[in-house]
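Report on the structure
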Amino acid sequence: DGVRQCGKRLAEWMVDRLKGGEKVSFIGYSMGGLVVRACVAGLHNFFTEKKITLENLITLGTPHLGISDHGVFLEALGRNIMGDTGQDLTLQNTELYNLTTQPHCIASLAAFNRIAFYGCIGNDMFVPALSSLVHCPVPQTPSLPVLSLVPVTSKPDAVPFLADLGPERVQPLRNMYMAVNSLPVEKFGVYVPNRTGHGHDVIVGKGDGKGEG
């Protein structure tokens, strides 16, 4: 159904249950992080009027910048099989661009007391760290133990995207990247040595048998 429609359904669910004055936090895995962002953008005025405090926004392996730089196969899958959602994630339309750059969307994120992005460093099969962390350069940590949590403290580069993506794609991605990095986002990378899945190491701590993560 696409990110916006899913966000609308979540927003309707919340409006039915919130009475006013509550403190609310969100955790979103993968596309769920985008759905949360769409929901919050749609409810920005509602939260203000109802005096609802937005405490934490935490995303795990969320493709904030889409998956358009992660291979021809995924792009073809998104265009031809995944419907509206695939069009959104592969940036074949302007949904993610609008969600990331429109002033009311940025204002809705800025209302959170804390924002934290978590992403696998280097070996997520579907969402590159550049998209999940919205950060370049991506930390290089080949010597760390499996599932080490790496706070990303370096200042993000201003122009991280390669020219070979084509000018019609580079500038929108840069605008999205800069819009997110205008906010005080905490970023954490999780070192995963092998391509074992998509972001699941961030959540359940698979990989070293110790359940740490």
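Here is a short report on the structure shown in this document. Not measured: the values here are computed from a predicted model.

1. Points about the overall build of the chain
- The number of helices and strands found in the chain is ten helices and five strands.
- Every one of the 213 residues in the chain was classed for burial, and the buried ones make up 48%.
- Intrachain contacts of the chain at a sequence separation of at least 6 include 75% that bridge at least 24 residues.

2. So, the pattern of salt bridges
- For the structure shown, the criterion picks out three salt bridges.
- For the salt bridge of Arg9 with Asp1, the shortest nitrogen-to-oxygen distance reads 2.9 Å.
- In this structure Asp1 comes out as exposed when scored by relative accessible area, which is 57%.
- For Glu95, the salt bridge goes to Arg4, with nearest N and O atoms at 3.0 Å.

3. Some details on the sheet that holds strand S2 (residues 53–60)
- Pairing is mixed across the open sheet formed by five strands, whose spatial order is S1-S2-S3-S5-S4. Edge positions in the open sheet fall to strand S1 (23–29) and strand S4 (149–151), since each of these has one partner strand only. Ignoring strand direction, the axes of neighbouring strands in this sheet form an average angle of 20°.
- Of the pairings in the sheet, the one linking S1 to S2 comprises six bridges and is parallel in character. In the strand pairing of S2, Lys23 is matched with Thr53.
- Each of S1 and S2 is contacted by helix H2 (residues 31–42), which is oriented at about 145° to S1, the strand it contacts most.

4. A closer look at the pairing of strand S3 (residues 114–121)
- Within S3, seven of the eight residues are buried, which leaves the element mostly enclosed by the surrounding structure.
- Looking at chain direction, S2 and S3 are connected through five bridges and run parallel. Looking across to S3, one finds that Ile58 is bridged to Ala116.
- Here S3 pairs with strand S5 (residues 185–191) via seven bridges, running parallel. Paired with Ile121 across the strands is Tyr191, a residue of S5.

Reading guide: rules and limits
- Residues numbered from 1 in each chain as written.
- Predicted model: local features only at pLDDT ≥ 70, side-chain atom pairs only at ≥ 80, totals over all residues.
- Heavy atoms only, no water.
- Helix = DSSP H or I, 4+ residues; strand = E, 2+ residues; numbered from the N terminus.
- Buried < 20%, exposed > 50% of the residue type's maximum accessible area, 1.4 Å probe, protein only.
- Contact = heavy atoms within 4.5 Å.
- Salt bridge = Lys/Arg side-chain N within 4 Å of Asp/Glu carboxyl O.
- Pairing = 2+ DSSP bridges.
- Axes fitted to C-alpha atoms, helices over the stretch in contact; angles between N-to-C directions.

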